[in-house]
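Okay, here's what each chain looks like letter by letter:
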Amino acid sequence: MEKITKDLLNWYQKNKRDLPWRRTKNPYYIWVSEIMLQQTRVEAVKVYYERFITKLPTLYDLATIPEDELLKLWEGLGYYSRVRNMQACAKQIIASGLTNLPNTKEELLALPGIGNYTAGAILSIAFNIPSVAIDGNVYRVLGRYYKIGESITKNSTYHIYEKKMQKILSVKNAGDFTQSFMDLGSLICTPKSPKCELCPLQNDCGARKNNQVEVYPVKERKKEQRIEERTVYLYRCNNKIAIQKRKDKGLLASMYEFPNTLETVSTIDIENNLLRQGISFYSVLEVGESKHIFSHIIWYMKGYIIELKEPTGNYIWATMEELQEKYSIPSAFSYYYQILLK
């Protein structure tokens, strides 16, 4: 056994976190947790995970739940393509005659939304099969430990890390080995201000020896995000709110949203526009600005509550109870959603 492997496993046994998905070997539950943990903090995932598996305890339940209910269950986690891919996976697995996830990398990679990391995590954690699972934590730990100078934004760099991982894989404790990177990367070997003095690898870490910890892993600069200025219209009438469904492709596909436009307007602009259209209203009230960052776009939003005398437009008019229980509103609009709740 390689020294780094032994050091990681010894540290993990003494310091591993007690997380709900670590109390099971059910491949379905482990898969759910892994997908949720992508782009989401552990503490936030705990609540969603428990709710999800309570509502959908089996792969069949996931395959058969209506999409709107599924998206509502996922509401707040963001990156909704994740849960759509999960349902597509579930349907494909059930159609093949299985009741749970397969235990080979080839079969897992053939499923929608499952890539190399997720396949490796499922195989090692659920089935204890030694498998390479490279995520941001692995890039950080190994990048610093071995002082790997190639940028992790390049596809070719993955193979460098893959070879390193294959060499140090634990044969007997595959699941613990994979999860040791998760915990070390989250608790000790963090992106900023890592706690090197507490790290079990500190004596052999190349970056620490050369006082270059924050240099690794090497990354190329991201492309600048496009900025969009939007106006959000919170139309309200008879205690109902106007919402609309987005297109089934593209950003926030098939999600429900408050009407909004790619422009900046004032209260007077809105009032004049309503008058021109012959729409009767009681008031137009500005309710503040909000910002939401997507991977490639930043939305700067200004919102208005518009009290109408009669419902208008080709909208869905929903009660607050329906917004909370039936329709999934993306977190991009959470600021305005909370205003309506108050």
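Just above, that's the structure.
The written sequence of each chain sets the order in which its residues are numbered from 1. Only residues with pLDDT of 70 or above have their local features reported here, since the model is predicted, and side-chain atom pairs are shown and tallied only from 80 upward, although totals for entire chains, interfaces and linings are computed over all residues. Values shown for side chains rest on all heavy atoms present in the structure; no hydrogens or waters enter the calculation.

Q: Outline the pattern of salt bridges, listing residues and values.
A: By definition, a salt bridge exists where a carboxyl oxygen of Asp or Glu is found within 4 Å of a side-chain nitrogen of Lys or Arg. Applying the stated criterion across every chain, the model contains 14 salt bridges. In this structure, E43 engages K46 in a salt bridge whose closest nitrogen and oxygen atoms are separated by 3.1 Å. A residue pair is termed a helical-turn pair when its members lie 3 or 4 positions apart in one helix, as E43 and K46 do in helix α3 (residues 42-55) at 3 residues. The closest approach of N and O atoms between D68 and K245, which form a salt bridge, is 3.7 Å. Here D68, found in helix α5 (residues 67-74), pairs with K245, found in strand β2 (residues 240-245); they are 177 residues apart in sequence, far enough to count as distant. Starting at the N terminus, helices and strands are each numbered in turn, a helix being any DSSP run of H or I of at least four residues and a strand any DSSP run of E of at least two.

Q: Run through the state of the cysteines, naming residues and quoting values.
A: Cysteine sulfur atoms that pair up within 2.5 Å are treated as a disulfide. Considering all chains together, one arrives at 0 disulfides under this definition. C199 provides the cysteine sulfur closest to C189, a residue in no disulfide bond, and the two sulfurs are 6.0 Å apart.

Q: Account for the pairing of β2, naming residues and giving values.
A: Both strand β1 (residues 226-237) and β2 contribute to a ladder of 2 bridges, which runs antiparallel. Residue pairing in the sheet places C237 in a bridge with K240 of β2. Should DSSP find at least two bridges between two strands, the strands are taken to pair. Joining the antiparallel neighbours β1 and β2 is a turn of 2 residues, in which N238 adopts a positive phi near 55°. Where β2 and strand β3 (residues 256-257) come together, 2 bridges link them in antiparallel fashion. Residue pairing across strands places K245 opposite Y256, the latter belonging to β3.

Q: Can you lay out helix α1 (residues 3-15) for me, pointing to particular residues and giving the numbers?
A: Expected helix span is taken as 1.5 Å per residue step, with the number of steps being one fewer than the number of residues. Its 13 residues place the ends of α1 18 Å apart at the C-alpha level, agreeing with the 18 Å of an ideal helix rising 1.5 Å per residue. The rule is simple: take the accessible area with a 1.4 Å probe, protein chains only, and divide by the maximum for that residue type; under 20% is buried, over 50% is exposed, in between is partly exposed. All buried positions along α1 are accounted for by I4, T5, D7, L8, L9, W11 and Y12. Contacts are assigned to residue pairs that have any heavy atoms within 4.5 Å of one another. On its buried face, α1 sits against α9 (136-146), α10 (155-168) and α11 (174-187).

Q: I'd love a proper account of unusual backbone geometry, names of residues and values included.
A: Residue P217 is reached from Y216 by a cis peptide bond, and omega for that bond is -5°. One can find P217 in the loop between α12 (206-209) and β1. Its identity is not glycine, yet N211 carries a phi of approximately 55°, on the positive side.

Q: Pulling in residues and values, what's your account of the packing of aromatic side chains?
A: The rule is short: rings of Phe, Tyr and Trp, with Trp giving its six-membered ring, pair when the centres are within 6.5 Å, and they are stacked under 30 degrees, edge-to-face over 60, tilted in between. Following the criterion strictly, the structure yields 15 aromatic pairs and no others. The interplanar angle of 45° and the centroid separation of 5.6 Å between the aromatic rings of Y28 and Y29 together place this pair among those described as tilted. As far as burial versus exposure is concerned, Y28 and Y29 are alike and both buried. Taking 6.2 Å as the distance between ring centres and 50° as the angle between the ring planes, the aromatic pair formed by Y28 and W31 counts as tilted.

Q: Before we move on, could you go through the nonpolar core and cite the residues and values that matter?
A: Among the nonpolar cores identified, the biggest contains 68 residues, and Y28, W31, F52, F258 and L323 are the most heavily contacted of them. One finds Y12, V138, Y161 and L184 within the second-largest nonpolar core, a separate group that totals 30 residues. We call a set of buried residues a nonpolar core when its members are Ala, Val, Leu, Ile, Met, Phe, Trp, Tyr or Cys and they connect through side-chain atoms within 4.5 Å of each other.

Q: Tell me about the pairing of β1, and name the residues and values.
A: In the sheet, β1 pairs with strand β6 (residues 297-308) via 11 bridges, with the strands oriented parallel. Each bridged residue has a counterpart across the sheet, and for T231 the counterpart in β6 is K302. Pairing geometry for β1 and strand β4 (residues 260-261), over 2 bridges, is antiparallel. When the bridges of β4 are listed, T231 appears paired with T261.

Q: Can you explain the packing of α9 against α10? Please cite residues and give values.
A: Inter-axis angles, ranging from 0 to 180 degrees, are taken between N-to-C directions of lines fitted to C-alpha atoms, where helices are fitted over the stretch in contact. Where α9 contacts α10, the two axes come as close as 11 Å, and the packing angle between them is 80°. What the angle tells us is that α9 and α10 run roughly perpendicular. Residues V138, Y139, L142, G143 and Y146 of α9 lie in contact with α10, whose contacting residues are Y158, Y161, K164, M165 and I168. Here the term charged refers only to Asp, Glu, Lys and Arg, the term nonpolar to Ala, Val, Leu, Ile, Met, Phe, Trp, Tyr, Cys and Pro, and the term polar to all other amino acids, Gly among them. Taken together, the residues of the contact of α9 with α10 sort by class into 8 nonpolar, 1 polar and 1 charged. Each angle is binned into one of four classes, with values under 35 degrees roughly parallel, values over 145 roughly antiparallel, values of 65 to 115 roughly perpendicular, and all other values oblique.

Q: Report on the environment of T264, specifying residues and quantitative values.
A: Along the chain, T264 falls in the loop between β4 and α13 (267-276). Sequence spacing of T264 and V232 is 32 residues, and the spatial spacing of their C-alpha atoms is 9.5 Å. Not counting residues up to four positions away in its chain, the partners in contact with T264 are E229 and T231. Polar contacts, as counted here, are pairs of nitrogen or oxygen atoms within 3.5 Å of one another; within protein the pair requires one atom able to donate a hydrogen and one able to accept it, and residues that are adjacent in sequence qualify only if both atoms are side-chain atoms. Here the side chain of T264 touches E229 through a polar contact of 3.0 Å, side chain to side chain.

Q: A description of helix α2 (residues 27-37) should follow, citing residues and the corresponding values.
A: Burial analysis of α2 places 10 of its 11 residues in the buried class, which makes it a mostly covered element. Within α2 the residues assigned to the buried category are P27, Y28, Y29, I30, W31, V32, S33, E34, I35 and M36. On its buried side, α2 packs onto α3, α4 (59-64), α5, α6 (81-95), α8 (116-127) and α11. Between the side-chain oxygen at the start of α2 and the backbone nitrogen of Y28 there is a gap of 2.9 Å, and the oxygen is on N26.

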